[in-house]
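Structural overview for review
Now for the letters of each chain:
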Amino acid sequence: MNLAPPPGPPTAHDFDALYARSADPWHFDGSWYEARKRRLLLASLPHARYGRAFEPGCATGLLTAELAPRCGHLLASDGAERALATATARLAGQPQVAFARLWLPGDWPAGRFDLVVLSEFVYYLVPADIDRLADCVREALAPGGVVAACHWRRPIDGCVLAGDAVQERLDARLGLRQVTDVRDADFRLGVWTSAASASVADTEARG
């Protein structure tokens, strides 16, 4: 997981160079660590279905493929052209999924989202851009919307903040109710909502 672009804020060119050297630079495919992390993230989402969702930093689309069946419409984006090509091929035949090449926070898409998933990319941003990203997420969140974020906890070369600091900065800036905070040995997983109630049991009238 400690694979990073050269020191300094990375560019789209840096990530394209990584994918030019390897179609799977972070070894996502076939990794139990990655599969387990995806399943924990998906299980932490408080609703079975979401109308409109956004997954920036989708990489090669492994999480996208598992998230798609729970979304009426899913926009997935990445800054690397080669990663998007792989993700698009993986999700062929899924008409509810759209892909876009975006570099955040500057290229934030229009519209509101019921779910935003920030997985394993926010630590590549400088702190000021993390704040800008959190502001974009909060402003684009539909009433009752959900934000999920998951990040590697260990230091990454070239990144100012590691996963714990990223998650805590997001928590402070989002200003939403945090309903899940998982501190795994390797990653930190958080879920926030703008809903008045955070209880799945209450939604199902379970006592």
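In what follows, the accompanying structure is described. Along each chain, the written sequence defines residue order, and numbers are assigned to residues from 1. At least 70 in pLDDT is required for a residue's local features to be given in this predicted model, at least 80 for side-chain atom pairs to be given and counted, and no such filter applies to totals for whole chains, interfaces and linings, which use all residues. Only heavy atoms go into the side-chain values, all of them from the structure, while hydrogens and water stay out.

1. Examining the pairing of strand β4 (residues 113–119)
Only protein chains enter the accessibility calculation, which uses a 1.4 Å probe; a residue whose area is less than 20% of its type maximum is buried, one above 50% is exposed, and one in between is partly exposed. The secondary structure listing takes helices from DSSP runs of H or I that are at least 4 residues long and strands from runs of E that are at least 2 residues long, numbered from the N terminus. The buried fraction of β4 is high, at 6 of 7 residues. By definition, two strands form a pair when at least two bridges between them are found by DSSP. Bridge count for strand β1 (residues 50–55) against β4 is 2 bridges, and the pairing is parallel. Note that in β4 the partner of Phe54 across the bridge is Val116. Two strands pair when backbone bridges link them, and β4 and strand β5 (residues 141–152) are joined in this way by 6 bridges, in the parallel orientation. Within β5, the residue paired with Leu115 across the bridge is Val146.

2. Structural notes on the sheet that holds strand β6 (residues 177–183)
What holds strands together in a sheet is hydrogen bonding between their backbones, with the strands either parallel or antiparallel. If you trace the 7 strands from one edge of the open sheet to the other, you get β3-β2-β1-β4-β5-β7-β6, paired in mixed fashion. Because the sheet does not close on itself, it has two edges, and the strands there are β3 (97–101) and β6. Put simply, the sheet's adjacent strands are angled 15° from each other on average, direction ignored. Two strands pair when backbone bridges link them, and β6 and strand β7 (residues 187–193) are joined in this way by 6 bridges, in the antiparallel orientation. Across the sheet, Gln178 pairs through a bridge with Trp192, a residue of β7. The criterion used for residue contact is that any of the two residues' heavy atoms lie within 4.5 Å. Note on geometry: axes are lines fitted to C-alpha atoms, helical ones only across the stretch in contact, with angles between N-to-C directions running from 0 to 180 degrees. Seen against the sheet, helix α4 (residues 81–90) touches β2 (71–78) and β3 and runs at an angle of roughly 170° to β3.

3. Regarding helix α1 (residues 12–21)
Listing the buried residues of α1 in full gives Asp14, Phe15, Asp16, Leu18 and Tyr19. Summarising the contacts, the buried residues of α1 are in contact with α4 and β3.

4. Here's the deal with helix α6 (residues 163–174)
Structural remark: α-helix, 3.6 residues per turn; residues separated by three or four positions point the same way. Taking 1.5 Å as the rise per residue, α6 with 12 residues should run 16 Å; its terminal C-alpha atoms sit 16 Å apart, in good agreement. Among the residues making up α6, those that are buried are Gly163, Val166, Gln167, Leu170 and Leu174. Here the buried residues of α6 occupy an arc of 95° about the axis, which is enough to place them on one side. Of the surrounding elements, those touching the buried residues of α6 are β4, α5 (127–140), β5 and β7. Positive backbone phi, at 65°, marks Gly175, one or two positions downstream of α6. Expected helix span is taken as 1.5 Å per residue step, with the number of steps being one fewer than the number of residues. As used here, the arc is the angular range of directions from the helix axis to the C-beta atoms.

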